[in-house]
2 protein chains.
Amino acid sequence: MPTYKAPVDDTLFLLNDVFHIDRYNNLPGFADASPDVVEAVLREAGKFTEEVLAPLNRVGDKEGCTRHPDGRVTTPTGFKDAYRQLRDGGWIGMSAPGEYGGQGLPSTLTVIVNEYLASANLAFSMYPGLVQGAVAALVQHGNDELKQKYLPHLISGEWAGTMNLTEPHCGTDLGLLRTKAVKQGNGSYKISGTKIFISGGEQDLTENIVHLVLARIEGAPEGTKGISLFVVPKLLDGAPNGVSCGSIEEKMGIHGNSTCVMNYDGATGWLVGEENRGLNAMFTMMNEARLGVGLQGLALSEVAYQNAVVYAKERLQGRALTGAKAPDKPADPIIVHPDVRRVLMTMRAFNEAARALVIWTALNGDISHRSPDTKQRESADDAMGLLTPVVKGVLTDMGFANTVLAQQVFGGHGYIAEHGMEQFVRDARIAMIYEGANGIQALDLVGRKLARNGGRAIMAFFNEAQGYVKDRAANEAMGPYVKPLEKSLAHLQQATMWFMNNAMAKPDNAGAGSYDYMHLFGLVALGYMWCRIAEAAQAKLAAKEGDAQQYNTKLVLGRFFMERMLPETATRLSRIETGAASTMELPAEAF
Amino acid sequence: MPTYKAPVDDTLFLLNDVFHIDRYNNLPGFADASPDVVEAVLREAGKFTEEVLAPLNRVGDKEGCTRHPDGRVTTPTGFKDAYRQLRDGGWIGMSAPGEYGGQGLPSTLTVIVNEYLASANLAFSMYPGLVQGAVAALVQHGNDELKQKYLPHLISGEWAGTMNLTEPHCGTDLGLLRTKAVKQGNGSYKISGTKIFISGGEQDLTENIVHLVLARIEGAPEGTKGISLFVVPKLLDGAPNGVSCGSIEEKMGIHGNSTCVMNYDGATGWLVGEENRGLNAMFTMMNEARLGVGLQGLALSEVAYQNAVVYAKERLQGRALTGAKAPDKPADPIIVHPDVRRVLMTMRAFNEAARALVIWTALNGDISHRSPDTKQRESADDAMGLLTPVVKGVLTDMGFANTVLAQQVFGGHGYIAEHGMEQFVRDARIAMIYEGANGIQALDLVGRKLARNGGRAIMAFFNEAQGYVKDRAANEAMGPYVKPLEKSLAHLQQATMWFMNNAMAKPDNAGAGSYDYMHLFGLVALGYMWCRIAEAAQAKLAAKEGDAQQYNTKLVLGRFFMERMLPETATRLSRIETGAASTMELPAEAF
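As the structure is a prediction and not an experimental result, all values here were calculated from the model.

A.B. asks: Could you give me a rundown of the overall build of chain A, with the residues and numbers involved?
C.D. replies: Helices and strands together make up the secondary structure of chain A, namely 19 helices and 11 strands. For chain A, whose C-alpha radius of gyration is 24 Å, the value lies close to the compact-globule estimate of 25 Å for 591 residues. With the C-alpha coordinates of chain A rotated into their principal frame, the extents come out at 80 × 60 × 60 Å. Scored against the burial criterion, the 591 residues of chain A give a buried share of 63%. Taking all contacts inside chain A whose residues are at least 6 apart in sequence as the whole, residues at least 24 apart take part in 75%. About 20,600 Å² of surface is accessible on chain A, with carbon and sulfur atoms providing 52% of the total. Within chain A, the 65 negative side-chain charges are centred at a point lying 3 Å from the centre of the 56 positive side-chain charges.

Right, dumping it as structure tokens:
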């Protein structure tokens, strides 16, 4: 049975020593998030996830969700009680506006807590995650009536939320969407159609479910310009509202979350935002949603790493190449073997930098919403928009790969269900797919985010990273971190230039290189995070504050990243520079 | 429901045009394998795997195997009938010695057929695969009595076989093994102990099962030097023999294969080979067994690729970056998108070269056993030994990665069980683990195979590849293939030198770089295969033989491999050259 320990100390180090969260005390909600409050919140979140959610993770996988003949769906044993505790703890509305019952704390804190939730029990964590998405949609786009009616129930956790985009024939290409909305006299709409892959579409955790549904109003234009967003409650004043779960999907993992086919049969709904502007409404929430999925990659990598470490210290097999390390035992623990170390170091060097990247992105999100300064809001929004596809695509790819590595540490025992390692692999796999498959993230990055506003966001990123490197050129202690970053940053700049010179006339050159570019960017971003972490660790060591071993460990991990992981940027660049020729040359019939 | 089409044409091209199998007609069995016979055999194997085995793949996954209270195990619906057909078709003993009822055909043909079997139904294919392992063990190490008694039943497929190595506390480190053998007066032994992860340990496909069991004879030395190999039949002259299946494991995939805990309770067994030389007996079969697992990586990649292609041509989503390709349809098929192409090309560029590498390795295996020339046997055995860990480690890693890529092409539909793509991922995962986890393959390569006989095998490989490159230095048409190979071959040579200079005194430097070295070697070996394929394709085109489109496709695939996949050797080398310092620096407590 796998275990989990929330990485609270590491989070606090990042918030306080790397990102100096106290610098943002001028933003609404941040002053309330004093170091004491933050630590108390995170310790409590750690306790809840370790003691309540983690033990339900295997249960959820084994039992899954059940749809009953009457359309009801029941969640695995223990989920209902755990959800009640989550709700009573006020975790769902922690960062929601105070006027509707939320606590108004920085979204960054919610993001951090969501990492712990996802590590402990990904399938469970999706239920509250979708509530937060629904809250964001209504806060940003709902009219006052909708806000008054729905937000208090959602924020308290009494009601849940879902997102209904996908249809059988349309996922990425929402322009093909067919679900229909017919305007009624009273300002409401009748919604009809079928939605698939709806996480938490039906469940027994909450008394009502607020579905956010994309549909096409009768007579609206074809394509993406004729799509509107609606709110459709499961129960309307306590009575069924023509929406039901037709079936639940049999899937690879996240069995504890009900993935539903939802049938809308003249269900009553209300418009959220403007007519035919539904996709825009979705887009404004997309950064947060995608950041939320990106952190799932980190979350699964973290919990898989922790369990691999436990096993690597316990399992006795073979002797160290340099002579027995545990001569009193029949064999050495496998953590003595360099190849096992390589795997553990790889995972952890990712986890700590990925956590930093998530927090940095989330902070930019908070600033973009809360700063009184227009310029600061704009540049934070740029950074958030630029980093989001990177966080989503790279953290879920690398996070999944790390669950596979962690499973490998267990040998044959990793393939067996009882240790729980294979569940991490199956669960982590979904994060590469939903909320925009990673290939779509790469296209979003290269096709939209790079070019937006004349490349303002990427130029700002380059300026920041280059300035950082330049300012530390003479800092010897930072050399092992800053010099490799400088080299890889140059690869990223060269790749960006290559697109500018070669993809305008031939867009396939951008498409064929987009995935490598996303990963090249991810490596550079993680490398930059390691520089920031190493510098903060060196400062702590110099000040003789805290546990020296903890900071020395970070310095070694950072070196490992720089020596062994960051140099992959060269291969990524060389692949991009080959262009689309061999990729696109074959006719479709040749496949 | 996934489909499968055996790649018979590609196999024939490799056998006839790339490796010129007719050159080996002097070897026993090869003359019988005339081009007509080979084609007929492969077409028939294709038909059987496509029509009988592939349709049972999802069934096997869903139903799994069932252990009944009396210890019997039943396999999924249809497996028994399919096994009967496999047996009746003579597929199991195709390459076994004629004197015991086999057909004596080259093992290479069995290896090829095993690829098709594994593509169509990996879980099923493991049952006959283990029979072939048992046959090899008895042919090489059994005395005449054992051969006469067991081989005819195994080769005919009447009886099955298993390999019993692993115990709960010992997998990789067989020196820790505890299963006991007590010598009886009559030349037999009583075997007692518990073995785990025994594939096909109990089943309802055959009337008897021949277990090959590693155990320690009473009073034998500790460690690996006190292990002997025994044959223990399930039924002894029709009566139960003290061996039973205690439980079957709940696991990630290959549900159609029964993975058993086997309890030996004074079961009667006979020594195979010499006392205390059991590990040696296992080692002589290990190359074949590991090649057999390596090809499973290819097999799953192939079938996953095929299904991804079907979906990529059918699924309509979005428009090509260069303008609509199917303007009459609501959207273009996703195969128009460069990132989807990248994925398809990546899989196929692997599959075709991996198939060549498997065949080349298998041919070396045949030569090493069948050649009348001592020198030729020796050099083929060197090549086989060197390539085996590469084939096992690299093909299963890349094969698994490709099943993940293929699943990604399906988006959300890939995560759902009904399309079968997630099963390929779960099934492919085991091949990285069993028959020596891939980290062990890397150590075998770097720690044993490189150094053996003063580096004779690796020097011969370098000579062959360098000679090949040199002979084509002026061949312009081969430039795009040979020049990148030359560069990556230099990386491999540099890495080899680095180990020679840095790992003798500090073995951790070899351990920390072994995994990257294995993959670096794999890329070079696959690159060499692409050169051979491209050259053969160019010859066919020049001679205007066969389907030009087919050969042109190979030339493009080869270029894609050279431009986009092979350059990763640079990153692998740079990682190796950083040594073990940052990998090994942290104390175990820091994890």
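A.B. asks: Outline the UniProt feature "domain: Acyl-CoA dehydrogenase/oxidase C-terminal" (unreviewed entry) in chain A, listing residues and values.
C.D. replies: Residues annotated by UniProt as "domain: Acyl-CoA dehydrogenase/oxidase C-terminal" (unreviewed entry) correspond here to residues 276–445 of chain A. Taken end to end, residues 276–445 of chain A is 75% helix and 0% strand, and its two terminal C-alpha atoms sit 25 Å from one another.

A.B. asks: Which residues make up the nonpolar core, and what are the values?
C.D. replies: Counting 417 residues, the largest nonpolar core has Tyr517(A), Phe521(A), Tyr517(B) and Phe521(B) as the members making the most contacts within it. Among the elements that line this core, the one with the most residues is helix H5 (residues 107–141) of chain B, at 19 residues.

A.B. asks: Tell me about the UniProt feature "domain: Acyl-CoA oxidase/dehydrogenase middle" (unreviewed entry) in chain A, residues and numbers included.
C.D. replies: Here, UniProt's "domain: Acyl-CoA oxidase/dehydrogenase middle" (unreviewed entry) annotation points to residues 163–265 of chain A. A helix fraction of 0% and a strand fraction of 49% characterise residues 163–265 of chain A, whose end C-alpha atoms lie 17 Å from each other.

A.B. asks: Could you give an account of the packing of helix H8 (residues 278–314) of chain A against helix H9 (residues 338–370) of chain A, with specific residues and numbers?
C.D. replies: Residue and element names in this part refer to chain A. The N-to-C vectors of H8 and H9 enclose an angle of 155°; their axes lie 9 Å apart at closest approach. With respect to H9, the element H8 is oriented roughly antiparallel. In this structure, the crossing between H8 and H9 has a hand that is left-handed. Counted together, Glu288, Leu291, Leu295, Leu298, Ser301, Glu302, Tyr305, Ala308, Val309 and Ala312 of H8 and Val340, Leu344, Met347, Arg348, Phe350, Asn351, Ala354, Arg355, Val358, Thr361, Ala362 and His369 of H9 form the full contact between these two elements. Its residues placed into classes, the contact of H8 with H9 shows 14 nonpolar, four polar and four charged.

A.B. asks: How would you summarise the side chain of Ser228(A) if you had to cite specific residues and measurements?
C.D. replies: Secondary-structure assignment places Ser228(A) in strand S7 (residues 228–233). Excluding residues within four positions of it along the chain, Ser228(A) makes contact with Val213(A), Leu214(A), Ala215(A), Ile217(A), Leu271(A), Glu275(A), Asn276(A) and Gly278(A).

A.B. asks: Just give me the short version of the interface of chain B and chain A, but keep the residues and values in it.
C.D. replies: Listed as interface residues are 91 residues of chain B and, on the opposing side, 91 residues of chain A. For the pairing of chain B and chain A, the buried interface totals around 8,000 Å² over both sides, and the portion due to carbon and sulfur atoms is 58%. For chain B, the biggest contributors to the area lost against chain A are Tyr415(B), Arg564(B) and Phe591(B); these three give 12% of the whole. Across the contact surface, chain B and chain A share six salt bridges. Between Glu585(B) and Arg559(A) there is a salt bridge, and its shortest N-O distance comes to 3.0 Å. Taken together, the connections running from chain B to chain A amount to 50 residue pairs in polar contact (both at pLDDT 80 or more).

A.B. asks: Please set out the relation of the copies chain B and chain A residue by residue, giving values where relevant.
C.D. replies: Superposing chain B onto chain A takes a rotation of 180° combined with a translation of 0.0 Å along the rotation axis, leaving an RMSD of 0.0 Å. The two molecules are tied by a two-fold rotation axis, judged by turn and shift. Taking the C-alpha atom as reference, chain B places Thr571(B) closest to the rotation axis, 3.3 Å from it. In this assembly, 100% of the residues forming the interface of chain B have copies in chain A that are likewise at the interface, indicating an isologous arrangement.

A.B. asks: Tell me about the domain arrangement of chain A, and please be specific about residues and values.
C.D. replies: Residue and element names in this part refer to chain A. Segmenting chain A into domains produces domain 1 (280–435) and domain 2 (445–585). The gap between the C-alpha centroids of domain 1 and domain 2 is 18 Å. Contact residues are listed per partner, giving 25 residues for domain 1 and 30 residues for domain 2. Regarding the contact of domain 1 and domain 2, the summed buried area is about 2,500 Å², with carbon and sulfur atoms giving 74% of it.

A.B. asks: Tell me about helix H7 (residues 278–314) of chain B, residues and numbers included.
C.D. replies: All names here are of chain B. For H7, which comprises 37 residues, the first-to-last C-alpha distance of 54 Å matches the rise-based estimate of 54 Å (1.5 Å per residue) to within 8%. Where H7 bends most, at methionine 286, the angle is about 45°. Of all 37 residues in H7, 28 are buried, a share of seventy percent or more.

A.B. asks: Pulling in residues and values, what's your account of a nonpolar patch on the surface?
C.D. replies: Residues Met497(A), Met500(A) and Met504(A) make up a contiguous nonpolar surface patch of about 360 Å² in total accessible area. Locating Met500(A) in the fold gives a position in helix H15 (residues 479–502).

A.B. asks: Can you break down the state of the cysteines residue by residue, with the values?
C.D. replies: Residues and elements named next belong to chain B. Inspection of the entire model under this criterion finds zero disulfides over all chains. Here cysteine 65 stays unpaired: no disulfide links it, and the sulfur of cysteine 260, its closest cysteine neighbor, is 7.8 Å away. For cysteine 65, a relative accessible area of 14% translates into the label buried. With no disulfide of its own, cysteine 245 lies 3.7 Å from the sulfur of cysteine 260, the closest cysteine sulfur. A relative accessible area of 3% means that cysteine 245 is categorised as buried.

A.B. asks: Describe in detail the layout of surface pockets, supporting the description with residues and values.
C.D. replies: Computed from the structure, the second largest pocket encloses a volume of approximately 850 Å³. In this structure, the second largest pocket is lined by 35 residues; those nearest its centre are Glu250(A), His255(A), Asp61(B), His255(B) and Arg426(B). Residue assignment for the lining of the second largest pocket shows that the elements contributing at least two residues are helix H3 (57–63) and helix H12 (421–429) of chain A together with helix H3 (57–63) and helix H11 (421–429) of chain B. In terms of residue count, the dominant contributor to the lining of the second largest pocket is H3(B) (four residues). Split into classes, the residues belonging to the lining of the second largest pocket amount to eight nonpolar, 10 polar and 17 charged.

A.B. asks: Describe the side chain of Arg315(A), listing the residues and the values that go with them.
C.D. replies: One can find Arg315(A) in the loop between H8 and H9. Within the buried set, Arg315(A) has no salt-bridge partner at all; the shortest N-O distance to an opposite charge, 8.9 Å, is to Asp173(B). Setting aside chain neighbours within four positions, we find Arg315(A) in contact with Asp332(A), Pro333(A), Ile334(A), His413(A), Pro168(B), His169(B), Cys170(B) and Gly171(B).

A.B. asks: Outline helix H17 (residues 568–576) of chain B, listing residues and values.
C.D. replies: Along H17(B), the positions that sit buried rather than exposed are Thr569(B), Thr571(B), Arg572(B), Leu573(B), Arg575(B) and Ile576(B). Turning to H17(B), the residues buried within the fold contact helix H17 (548–565) and helix H18 (568–576) of chain A together with helix H14 (479–502) and helix H15 (507–542) of chain B.

How each quantity is defined
- Residues numbered from 1 in each chain as written.
- Chains lettered and ligands numbered in written order.
- Predicted model: local features only at pLDDT ≥ 70, side-chain atom pairs only at ≥ 80, totals over all residues.
- Heavy atoms only, no water.
- Helix = DSSP H or I, 4+ residues; strand = E, 2+ residues; numbered from the N terminus.
- Rg over C-alpha atoms; globule rule 2.2 N^0.38 Å.
- Buried < 20%, exposed > 50% of the residue type's maximum accessible area, 1.4 Å probe, protein only.
- Contact = heavy atoms within 4.5 Å.
- Areas by Shrake-Rupley, 256 points an atom, 1.4 Å probe, with all protein chains shown as cover.
- Lys, Arg positive; Asp, Glu negative; His and termini not counted.
- Charge placed at Lys NZ, Arg CZ, Asp CG, Glu CD.
- UniProt positions renumbered as here; feature names shortened; annotations may be inferred.
- Core = buried A, V, L, I, M, F, W, Y, C linked by side-chain atoms within 4.5 Å.
- Axes fitted to C-alpha atoms, helices over the stretch in contact; angles between N-to-C directions.
- Parallel < 35°, antiparallel > 145°, perpendicular 65-115°, else oblique.
- Left-handed = near helix turned anticlockwise from the far one by under 90°.
- Nonpolar A, V, L, I, M, F, W, Y, C, P; charged D, E, K, R; others polar.
- Buried area = accessible area lost by both parts, 1.4 Å probe.
- Salt bridge = Lys/Arg side-chain N within 4 Å of Asp/Glu carboxyl O.
- Polar contact = N/O pair within 3.5 Å; in protein donor to acceptor, adjacent residues only side chain to side chain.
- Least-squares fit on C-alpha atoms with pLDDT ≥ 70 in both.
- Domains from an automatic or database assignment.
- Expected span 1.5 Å × (residues − 1).
- Bend = angle between axes of the 7 residues up to and from the residue.
- Patch = residues over 30% accessible without salt bridge, like charges linked within 9 Å, V, L, I, M, F, W, Y side chains within 5 Å.
- Disulfide = S-S within 2.5 Å.
- 1 Å grid on protein atoms, 1.4 Å probe; cavity = no way out; pocket = protein on both sides within 12 Å on 5 of 7 lines; lining within 4 Å.
- Points joined across faces, edges and corners; volume = space filled by probe spheres on them.

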